[in-house]
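Summary of the model geometry
One letter stands for each residue in the lines below.
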There are 6 protein chains.
Amino acid sequence: MRIGIYPGSFDPVTLGHYDIIVRSSHLVDKLIIGVLNNSAKNPVFSIEERVELIKKVTKDLENVEVLSFEGLLVDFCKQMNANVIIRGLRAVSDFEYELQIAQANHKLNRDVETIFLATSTHYPFVSSSVVKEIARYGADISRFAPECIVDDIYKKFK
Amino acid sequence: MRIGIYPGSFDPVTLGHYDIIVRSSHLVDKLIIGVLNNSAKNPVFSIEERVELIKKVTKDLENVEVLSFEGLLVDFCKQMNANVIIRGLRAVSDFEYELQIAQANHKLNRDVETIFLATSTHYPFVSSSVVKEIARYGADISRFAPECIVDDIYKKFK
Amino acid sequence: MRIGIYPGSFDPVTLGHYDIIVRSSHLVDKLIIGVLNNSAKNPVFSIEERVELIKKVTKDLENVEVLSFEGLLVDFCKQMNANVIIRGLRAVSDFEYELQIAQANHKLNRDVETIFLATSTHYPFVSSSVVKEIARYGADISRFAPECIVDDIYKKFK
Amino acid sequence: MRIGIYPGSFDPVTLGHYDIIVRSSHLVDKLIIGVLNNSAKNPVFSIEERVELIKKVTKDLENVEVLSFEGLLVDFCKQMNANVIIRGLRAVSDFEYELQIAQANHKLNRDVETIFLATSTHYPFVSSSVVKEIARYGADISRFAPECIVDDIYKKFK
Amino acid sequence: MRIGIYPGSFDPVTLGHYDIIVRSSHLVDKLIIGVLNNSAKNPVFSIEERVELIKKVTKDLENVEVLSFEGLLVDFCKQMNANVIIRGLRAVSDFEYELQIAQANHKLNRDVETIFLATSTHYPFVSSSVVKEIARYGADISRFAPECIVDDIYKKFK
Amino acid sequence: MRIGIYPGSFDPVTLGHYDIIVRSSHLVDKLIIGVLNNSAKNPVFSIEERVELIKKVTKDLENVEVLSFEGLLVDFCKQMNANVIIRGLRAVSDFEYELQIAQANHKLNRDVETIFLATSTHYPFVSSSVVKEIARYGADISRFAPECIVDDIYKKFK
């Protein structure tokens with residue numbers, strides 16, 4: 001059985017993330033969304049909120065599970081018996097950092113392979129930061145965030 | 001069943017290609033190495049030779065098949081019932097071109113997903129061109145090409 | 001009066017080019033599409049054909065003119081009294097080359113400014129080469145080329 | 001009438017900024033320098049100081065106005081009836097981020113077009129951070145900052 | 001006599017740094033490792049600790065000296081009579097920033113030349129941040145940090 | 001004794017090349033300009049002409065020698081007892097290719113180190129191709145090529 005992990009901060013989940021989730025759910029038998037609990041990053045949404053938003057967004061995807069994790073990604077993979085890490089690539093600057101992390105993870109655990117998906121051409125510019133910046137000023141985020149969580153995001157900034 | 005296609009010119013296959021073949025053979029149930037028969041590119045090795053060299057190199061990998069193809073990659077995928085295209089990423093310049101091709105292929109056939117693997121840190125600089133350049137002057141190619149085809153490559157340049 | 005030149009090979013014009021043409025036509029008073037007559041490049045479409053295809057595509061844009069030119073772009077600018085050169089940017093590799101050309105042109109003629117537009121997110125992967133490659137095998141090019149010239153392109157490859 | 005906005009933090013304005021200001025002032029009928037009032041960024045110069053320094057530097061440019069703004073750039077454009085956003089491109093890393101922002105802004109407001117100018121070859125390495133770093137240690141900033149504000153910058157770091 | 005300076009934060013020194021130190025020690029008559037004392041960066045290791053770790057790692061390299069410095073790199077070069085600055089290049093994003101700094105330093109002091117070495121293919125992904133992240137969770141850092149300081153690094157995170 | 005080789009096609013030598021030659025001549029005891037005799041590349045200037053032009057340009061630099069070579073660069077280094085290869089870096093796309101070549105050369109010969117110099121900010125856009133393109137149309141190349149060979153270049157295109 002191929003188990004994949006799609007790790008990230010998801011602060012909050014965007015349409016770009018959602019696109020990667022749907023597409024990579026076809027590539028593995030089980031897909032785990034791993035939400036990184038990194039207090040140093042000062043996320044706007046709490047770890048519980050970030051997990052809840054993704055659960056809401058993925059509730060119709062049968063082989064998708066949402067979990068939070070702390071520590072090293074390779075340790076989380078071992079614990080979940082995952083053999084595939086999934087990452088979205090948006091831009092060259094993403095690419096280099098991601099490549100370094102993938103190579104470091106491969107050194108730490110040879111049984112895990114990182115695969116990259118190109119983000120859809122519809123969402124090349126969507127990032128959690130952009131969503132938050134736009135929501136902060138009350139502008140329209142419906143082209144950037146999944147419909148079912150748009151109100152949850154606005155609420156946060158009131 | 002997940003069927004993957006790893007397409008390329010493979011003129012000739014290198015240690016970098018071999019690394020991607022082994023690693024991606026674990027990600028799909030069946031892996032097809034698709035050798036592009038593009039007469040416009042003036043390959044040094046004929047299409048038959050390129051197929052033979054890869055067969056020699058992959059003879060111990062059970063779920064790997066080697067085939068030549070002409071025309072569009074998405075048409076070859078349909079014909080083979082493949083749902084995954086595999087590409088290795090070595091550098092930023094690869095990345096942008098590959099991204100464009102992946103997105104174009106996705107537009108042409110929504111059922112095929114392209115996944116990228118980072119090349120191993122041991123072979124970042126290995127390319128078919130480098131192998132041919134070194135072999136042309138009789139220098140040592142054993143760090144760049146699979147051992148079992150080193151002599152076949154030298155023979156070509158005598 | 002601001003006169004802009006959008007130079008290129010346009011072999012053939014794509015939806016990506018068309019998008020840049022429409023958007024840049026709003027930025028200047030008169031927009032000249034300058035089709036480069038460079039015999040060294042072995043274009044598939046003749047210079048007359050390339051000019052005709054763009055005229056067909058831009059016939060409803062009032063401030064747009066289509067002309068062929070030979071020689072240096074800065075000389076063509078002088079001859080046309082143009083003070084703006086327009087270029088589309090699709091990717092990082094484009095960017096560096098374009099930047100060098102823009103800076104060289106600026107050295108040769110201080111009165112001409114090059115401005116860059118980002119290609120639309122709908123056409124990041126569209127290039128004349130991709131259109132020709134797809135048309136060559138009779139596959140669907142309607143998502144890549146302006147509708148009114150799709151048949152002209154197919155005819156070329158029969 | 002074409003109204004352009006050149007947005008930024010300008011903490012403080014550099015010779016690189018000044019070069020973009022002069023060149024883009026020829027491309028539009030009126031150019032507004034929009035100084036972003038973003039308290040989260042902890043600028044060294046206050047918003048009033050940054051506006052004053054640019055006013056000093058641009059006092060001889062007739063069609064240039066300097067204003068501070070808060071919130072989203074597209075909202076500021078609407079308020080000013082601006083139809084063009086101007087950005088300088090220095091490097092590849094700038095480019096990708098700028099491209100994403102330009103595409104997001106285009107989604108939010110279809111009436112505004114972002115145009116990019118390549119920074120002059122004389123100032124490829126000049127940034128506000130570099131100016132501040134050098135001024136902090138009392139070294140010579142006259143090659144990096146407009147002459148008329150060099151003393152104002154030194155004063156800040158005493 | 002050619003005196004080189006290899007500047008950095010070295011928080012802590014990695015196998016990637018060590019590789020650059022050894023290789024560049026052959027290029028100059030005397031190599032000074034300049035450890036930047038920048039309190040604004042909140043290093044995990046104190047300036048004294050960082051100097052000590054590098055001394056331990058380089059104790060067998062005869063023409064290498066380790067010193068801390070504050071202020072501008074070009075001033076430190078002048079003080080040490082150094083005419084060469086050495087920098088390692090790992091990735092494209094490094095490259096652009098480094099290029100800008102090298103050009104700025106060249107403007108400030110024409111007598112100093114910056115030379116770049118490509119990082120070894122064995123350590124492309126090794127950075128001080130990665131070492132600290134892995135050590136923080138008690139995972140194996142022996143492939144990333146020089147053997148003789150592995151225990152010193154672990155101790156810091158207990 | 002440190003012997004450096006600055007290899008290239010130099011078809012023809014430009015002001016950008018000349019800048020690298022002068023600066024790297026200070027870094028080594030003897031600098032050899034290695035002009036690659038690669039008939040496959042169809043140079044405009046013959047190998048003898050290219051060597052002559054560089055000799056003319058460097059006649060006042062005492063520790064510089066100009067030689068042509070065929071075959072692999074690492075073999076030429078061995079033959080010349082050179083321990084340093086010098087390359088200029090102009091742009092990101094240069095960088096990746098150069099990095100791969102440097103790493104391949106290092107694998108083939110551990111005794112040779114490649115060092116990179118950033119091209120001067122005055123010549124970021126100067127390449128042999130640009131010089132030839134401009135000279136072909138009789139435009140002014142004096143900002144791009146060393147003064148003493150400007151006439152030699154024009155003569156070639158008459």
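What you are looking at is a predicted structure, and each value in this text was computed from that prediction instead of being measured.

Moving on to the overall build of chain A. Assigned secondary structure in chain A consists of six helices and five strands. Reading chain A from its N terminus to its C terminus gives the helix and strand order β-α-β-α-β-α-β-α-β-α-α. In chain A, once contacts between residues fewer than 6 apart in sequence are set aside, the share between residues at least 24 apart is 75%. Carbon and sulfur atoms make up 46% of the accessible area of chain A, which amounts to about 6,800 Å² in all.

Here we come to helix H2 (residues 47-57) of chain E. Residues and elements named next belong to chain E. Buried within H2 are the following residues: Ile 47, Arg 50, Val 51, Leu 53, Ile 54 and Val 57. Looking straight down H2, one finds that the buried residues subtend no more than 160 degrees of arc, so they occupy a single side. Looking at the packing, one finds that the buried side of H2 touches helix H1 (15-25), strand E2 (30-36), strand E3 (64-69) and helix H6 (150-156).

Bringing the packing of aromatic side chains into the picture now. Two aromatic rings, taken as a pair, are described by how far apart their centres are and by the angle between their planes. Residue and element names in this part refer to chain D. What the rule picks out here adds up to 12 aromatic pairs over all chains. Between Tyr 6 and Phe 10, the ring centres sit 5.4 Å apart and the planes meet at 80 degrees, which makes this aromatic pair edge-to-face. Like Phe 10, Tyr 6 is buried. With a centroid separation of 4.4 Å and an interplanar angle of 5 degrees, the aromatic rings of Phe 69 and Phe 76 are classed as stacked.

For the rest of this paragraph, the subject is the environment of Glu 113 of chain D. The topology assignment puts Glu 113 of chain D in strand E5 (residues 113-118). Setting aside residues no more than four positions away along its own chain, Glu 113 of chain D makes contact with Arg 23, Leu 27 and Leu 117 of chain C together with Asn 83, Val 84, Ile 85 and His 106 of chain D.

Turning our attention to the pattern of salt bridges. Counted under the stated rule, the structure contains 48 salt bridges over all chains. A salt bridge links Glu 65 of chain E to Lys 30 of chain E; the nearest nitrogen and oxygen atoms lie 3.1 Å apart. Taken together, the positions of Glu 65 of chain E in strand E3 and Lys 30 of chain E in strand E2 put the pair 35 residues apart, joining distant regions of the chain. Residue classification places Glu 65 of chain E among the partly exposed residues on the basis of a relative accessible area of 32%. Taking relative accessible area as the criterion, Lys 30 of chain E reaches 28% and is therefore assigned partly exposed. Two residues, Lys 132 of chain F and Asp 11 of chain F, come together in a salt bridge whose shortest N-O distance is 2.8 Å. Residue Lys 132 of chain F is located in helix H5 (residues 128-136), and its partner Asp 11 of chain F is located in the loop between strand E1 (3-8) and helix H1 (15-25); the two are separated by 121 residues in the primary sequence.

The next thing to look at is unusual backbone geometry. Put simply, Asp 11 of chain D and Pro 12 of chain D share a cis peptide bond, and its omega is 0 degrees. Checked against the element boundaries, Pro 12 of chain D lands in the loop between strand E1 (3-8) and helix H1 (15-25). Residue Phe 10 of chain B is not a glycine yet carries a positive backbone phi of 50 degrees. Turning to its location among the elements, Phe 10 of chain B is positioned in the loop between strand E1 (3-8) and helix H1 (15-25). Phi at Asn 81 of chain C is positive, roughly 60 degrees, even though this residue is not glycine. Structurally, Asn 81 of chain C is set in the loop between helix H3 (73-80) and strand E4 (84-89).

This part covers the pairing of strand E2 (residues 30-36) of chain C. Residue and element names in this part refer to chain C. Of all seven residues that make up E2, five are buried, and the element is covered over most of its length. Of the strand pairs in this sheet, strand E1 (residues 3-8) and E2 are connected by six bridges, and their pairing is parallel. For Pro 7, the partnering residue across the bridge sits in E2 and is Gly 34. Taking the sense of rotation as the criterion, the β-α-β connection linking E1, helix H1 (residues 15-25) and E2 turns out right-handed. Two elements, E2 and strand E3 (residues 64-69), share six bridges in a ladder whose sense is parallel. Opposite Ile 33, over in E3, you have Val 66 as the bridge partner.

All names here are of chain D. Structurally, Phe 76 can be placed in helix H3 (residues 73-80). Along the backbone, Phe 76 and Gly 34 are 42 residues apart, and their C-alpha atoms lie at a distance of 8.5 Å. In contact with Phe 76, not counting residues within four places along its chain, are Ile 5, Ile 32, Gly 34, Leu 67, Ser 68 and Phe 69.

This part takes up the side chain of Ser 25 of chain B. With respect to the helices and strands, Ser 25 of chain B occurs in helix H1. For Ser 25 of chain B, the contacting residues outside a window of four places in its chain are Leu 31, Asn 63 and Val 64 of chain B.

Model confidence for chain A is summarised by a mean pLDDT of 88, while 90% of its residues fall at 70 or above. For this predicted complex, the interface confidence comes out at an ipTM of 0.87, alongside a pTM of 0.87.

This paragraph deals with the side chain of Ser 127 of chain E. Locating Ser 127 of chain E in the fold gives a position in the loop between strand E5 (113-118) and helix H5 (128-136). The contacts of Ser 127 of chain E, once residues within four sequence positions are left out, are Thr 14 and Arg 90 of chain E.

Definitions and cut-offs
Residues numbered from 1 in each chain as written. Chains lettered and ligands numbered in written order. Predicted model: local features only at pLDDT ≥ 70, side-chain atom pairs only at ≥ 80, totals over all residues. Heavy atoms only, no water. Helix = DSSP H or I, 4+ residues; strand = E, 2+ residues; numbered from the N terminus. Contact = heavy atoms within 4.5 Å. Areas by Shrake-Rupley, 256 points an atom, 1.4 Å probe, with all protein chains shown as cover. Buried < 20%, exposed > 50% of the residue type's maximum accessible area, 1.4 Å probe, protein only. Arc of directions from axis to C-beta. Phe/Tyr/Trp six-rings, centres within 6.5 Å; stacked < 30°, edge-to-face > 60°. Salt bridge = Lys/Arg side-chain N within 4 Å of Asp/Glu carboxyl O. Pairing = 2+ DSSP bridges. Right-handed = clockwise from strand over helix to strand, strands pointing away. pLDDT = per-residue confidence, 0-100.

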